[in-house]
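Here's the letter readout for the chains.
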Amino acid sequence: MARKEILDRIQKYIRPYCVITGKDFRLKNFDPADTSRLVLDKGEASELLRRGTEWLAEEQDMLYAQDRRSLLLIFQAMDAAGKDGTIKHVMSGVNPQGCEVFSFKQPSSEDLSHDFLWRYSKRLPERGRIGIFNRSYYEEVLVVRVHQEILERQRLPASLVSKRIWDERLLDIAHFEDYLTRQGVVILKFFLHLSREEQKKRFMARLDRADKHWKFSPADVHERKFWDDYMHAFEEAIRATASEHAPWYIVPADNKWFTRLVVAAAIVEAVEKLDLTYPMVDPEKRRELQTIRAALSREK
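Per chain, the residues get numbers from 1 upward, laid out in the order the sequence is written. Only residues with pLDDT of at least 70 get local features here, since the model is predicted, and only at 80 or more are side-chain atom pairs given and counted; chain-wide, interface and lining totals rely on the full set of residues. Hydrogens and water are ignored here; the side-chain numbers use all heavy atoms of the structure.

A. Region of interest: unusual backbone geometry. Phi angles above zero are rare outside glycine, and Ala 80 is one such case at about 75 degrees. Secondary structure elements are defined from DSSP: runs of H or I of at least 4 residues count as helices, runs of E of at least 2 residues count as strands, and each element is numbered from the N terminus. Mapped onto the elements, Ala 80 comes out in the loop between strand 2 (70-77) and helix 3 (83-90). Located in the positive-phi region is Asp 275, a residue other than glycine, with phi close to 55 degrees. Along the chain, the position of Asp 275 falls in the loop between helix 12 (256-272) and helix 13 (283-298).

Okay, here's the thing in structure tokens:
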């Protein structure tokens, strides 16, 4: 399959799920089980994903060589939506030296002594690299919004904790992403949209398999009680921060093969738009290389 044909095919898979303006965004308009009426067997889906990941590996190599831009991939979802598996499959061909994954857990005492973006800004990717946030600063307007007792641990002055704090934080995040974009960071944000019913199935499957018990926590089931609160928080966050330079992708997550295909397609399309090439050396450098080549050729 030719490169252009692959790009043409993947574009139609991602267009329905890309949100660049939050004005009329409603989460209920997106079906977690959607596959864009795409009929593929597992072999065809795997082949298309393989070609996409190979392409991404080539582009990542040029991104690293140019050392001008960086790519930040943000993954947000409810538990069992498949973040880990998606990252593993989509990034399988990327050179580990040019890619870093960070999973943000509960903040440390040092984290809580700083502003809410501090611990995330420390992990931003260097130029030429791909950074992956498995959960991110959006947790500060998701889990903290749903469980507002967490906000008390952040020790903000009481006068700053008003009814507008979530709108203010979302505005801070939008401005932060504007800033990063102007520094050469390409931002893609993925919400893996899992249905409550499918989450239950996956939890049950984990309980049925001894080798999956390590992935299970009673807290995961506890959080299901707040499902509607989380959906509201996700909707508000996406609505306030979707933009052309930092788009959200509402990725149907009930079918793992389709989730991975959409994520890979979105990344490939975004990197392709950068029109990356390997750096060209100047005439002086070329002459130096020719001299070195000649000297190596004369060696016995």
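B. Structural view of the side chain of Glu 236. Its place among the elements puts Glu 236 in helix 11 (residues 227-241). For Glu 236, a relative accessible area of 18% translates into the label buried. Contact between two residues is taken to exist if any of their heavy atoms lie within 4.5 Å; hydrogens are not considered. When residues no more than four places from it in sequence are discounted, the contact partners of Glu 236 are Arg 145 and Leu 170. Three exposure classes are used, based on accessible area relative to the maximum for each residue type with a 1.4 Å probe and protein chains only: buried under 20%, partly exposed in between, and exposed over 50%.

C. Structural context of the pairing of strand 5 (residues 185-193). Counting buried positions along strand 5 gives nine out of nine residues, so the element sits mostly inside the fold. Burial of the side chains of strand 5 extends over both faces: Val 185, Ile 187, Lys 189, Phe 191 and His 193 are buried on one face and Val 186, Leu 188, Phe 190 and Leu 192 on the other. Whether two strands pair comes down to DSSP finding at least two bridges between them. Judged from the eight bridges that link them, strand 2 and strand 5 form a sheet pairing that is parallel. By the bridge assignment for strand 5, Leu 73 is matched with Leu 188. Alignment of strand 5 against strand 6 (residues 248-252), held across five bridges, turns out to be parallel. Among the inter-strand pairings, Phe 190 is bridged to a residue of strand 6, identified as Tyr 249.

D. Expanded view of the sheet that holds strand 1 (residues 18-19). Taking strand neighbours across the sheet as the criterion, the six strands line up as 1-6-5-2-4-3 in an open arrangement whose pairing is mixed. Two strands close off the open sheet at either side, each with one partner strand: strand 1 and strand 3 (99-103). Inspection of the sheet shows strand 1 paired to strand 6 by two bridges, in the antiparallel sense. The partner of Cys 18 across the bridge, within strand 6, is Tyr 249. Of the strands in this sheet, strand 2 and strand 5 are in contact with helix 8 (residues 165-182), which crosses strand 5 at around 135 degrees. Angles run from 0 to 180 degrees between N-to-C directions of axes, and those axes are lines fitted to C-alpha atoms, restricted for helices to the stretch in contact. Those strands touched by helix 12 are strand 2, strand 5 and strand 6, and its axis lies near 165 degrees from that of strand 5.

As far as function goes, none of this settles anything; it's purely spatial.
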